[in-house]
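# A structural walkthrough
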Amino acid sequence: MEILDIIKARHSVRQYVAKEIEDEKKAVLESLIKDCNAESGLNIQAVYGEEKCMQAFMSKLMRFKNCSNYLVIAGPTDDSDLYRKAGYYGEKLVLKIKEIGLESCWVGGTHGKIEAEVLAGNKVVIMIAFGYGENEGKQHKSKPMEKLCNMGEDAPEWFKLGMEAVILAPTAVNMQKFYFELAGEKVYLSYPAGTFTAVDAGIVQYHFEAVSNHKVEYK
């Protein structure tokens, strides 16, 4: 599948079936996790077959079911770009999860104790639940394109494709607190300060760059 097709097909899923993930699919994920960690300096780990974390009270309120696999995204506390990186590389993994036939959901603070080794000087930013879904989820609503970027009728095709991918990106409670600006051949992304807005910025940046093949800069 082309990356835009994967983006279109992927939706947030919280209910899973009790089915173990095959070793070959684990190997694909572990290989990409290794590459992401080497490139970013993050400490991303996959946890398989561990049910207690996502059986916490808040997880039940959020209607998580049979969730026993998750990615833990952590990184150095002194990395000023930690949250954006967590979103960028986390979404790269989310789309790979979909590509190999699994579903996923970003998870903020609605989980219990994490069964993963957090290195000294690191902290957990966010998690991603994944597995075989009971369903494939559904598309979230989006703000009008004019609220998210300055795209005019004469915008190049690559920018239009990038923004098509952006409006499909998951963001915290679907707030979409970001703005893309096309200036000549450059693309700038701005967003308000905040932990999860920075994670969201990384997610939408990955969508844009993966589809448009153009780099995003920050204002």
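Scroll up to find the structure this text is about.
Throughout what follows, the structure given in this document is the object of discussion. Per chain, the residues get numbers from 1 upward, laid out in the order the sequence is written. Whole-chain, interface and lining totals are the exception, using all residues; otherwise, since this is a predicted model, local features are given only for residues with pLDDT of at least 70 and side-chain atom pairs are given and counted only at 80 or more. Calculation of side-chain values draws on the structure's entire complement of heavy atoms; hydrogens and water are dropped beforehand.

## Notes on the sheet that holds strand β4 (residues 122-131)
The test is simple: A pair of strands is considered paired only if DSSP assigns at least 2 bridges between the two. Secondary structure follows DSSP: runs of H or I at least 4 residues long count as helices, runs of E at least 2 residues long count as strands, and numbering of each begins at the N terminus. With axes taken as lines fitted to C-alpha atoms, and helix axes fitted only over the stretch in contact, angles between N-to-C directions fall between 0 and 180 degrees.
Taking strand neighbours across the sheet as the criterion, the 4 strands line up as β1-β2-β4-β3 in an open arrangement whose pairing is antiparallel. Strands at the two margins of the open sheet, each flanked by one partner only, are β1 (43-47) and β3 (103-107). Strand after strand, the sheet turns through a mean of 20° between neighbouring axes, direction not considered. Bridge analysis of β3 against β4 gives 5 bridges, and the strand direction is antiparallel. Paired with S104 across the strands is F130, a residue of β4.

## So, the packing of aromatic side chains
Rules: Only Phe, Tyr and Trp rings are paired, with Trp represented by its six-membered ring, and only when their centres lie within 6.5 Å; those with planes under 30 degrees apart are stacked, over 60 edge-to-face, the remainder tilted. The classification of residues rests on relative accessible area computed with a 1.4 Å probe and restricted to protein chains. Under 20% of the type maximum is buried, over 50% is exposed, and intermediate values are partly exposed. Look at NZ for Lys and CZ for Arg. If either is within 6 Å of the ring centre and within 35 degrees of the ring normal, a charge sits over the ring.
For the structure on display, the rule yields 9 aromatic pairs. Measuring from centroid to centroid gives 6.1 Å for W158 and F159, while their planes differ by 85°, and the two rings are edge-to-face. Summarising the burial analysis for this pair, W158 and F159 share the class buried. Each residue in the set W158, F159, F178, F180 and F208 is aromatic and connected to the rest through ring pairs, giving one cluster. The positively charged end of K26 is found above the aromatic ring belonging to Y48, 4.7 Å away from the centroid.

## Let's talk about the pattern of salt bridges
Stated precisely, the cut-off is as follows: Take a side-chain nitrogen of Lys or Arg and a carboxyl oxygen of Asp or Glu: if they are within 4 Å of each other, that pair is a salt bridge.
Applying the stated criterion across every chain yields a total of 10 salt bridges. In this structure, the salt-bridge partner of K8 is E164, at a minimum N-O distance of 3.2 Å. Highlighted residues: K8 in helix α1 (residues 3-9) and E164 in helix α5 (residues 157-166), separated in sequence by 156 residues. Owing to a relative accessible area of 39%, K8 belongs among the partly exposed residues under this scheme. The salt bridge involving E99 is made with K96; its shortest N-O contact spans 3.0 Å. Highlighted residues: E99 and K96, both in helix α4 (residues 82-99), separated by 3 residues, approximately one helical turn. Residue classification places E99 among the partly exposed residues on the basis of a relative accessible area of 38%.

## So, the sheet that holds strand β7 (residues 216-218)
Keep this limit in mind: By definition in these notes, contact holds between two residues if any of their heavy atoms fall within 4.5 Å.
Strand order in the open sheet formed by 3 strands is β5-β6-β7, with mixed pairing between adjacent strands. Two strands bound the open sheet, and with one partner strand each, they are β5 (179-183) and β7. With direction set aside, neighbouring strand axes in the sheet form an average angle of 35°. When strand β6 (residues 186-190) meets β7, the two strands line up parallel, connected through 3 bridges. Directly across from Y188, in β7, lies its bridge partner E217. Sitting on the sheet, helix α6 (residues 195-212) is in contact with β5, β6 and β7, with an inclination near 150° to β7.

Interpretation note: all reported values are geometric properties and have no functional meaning in isolation.
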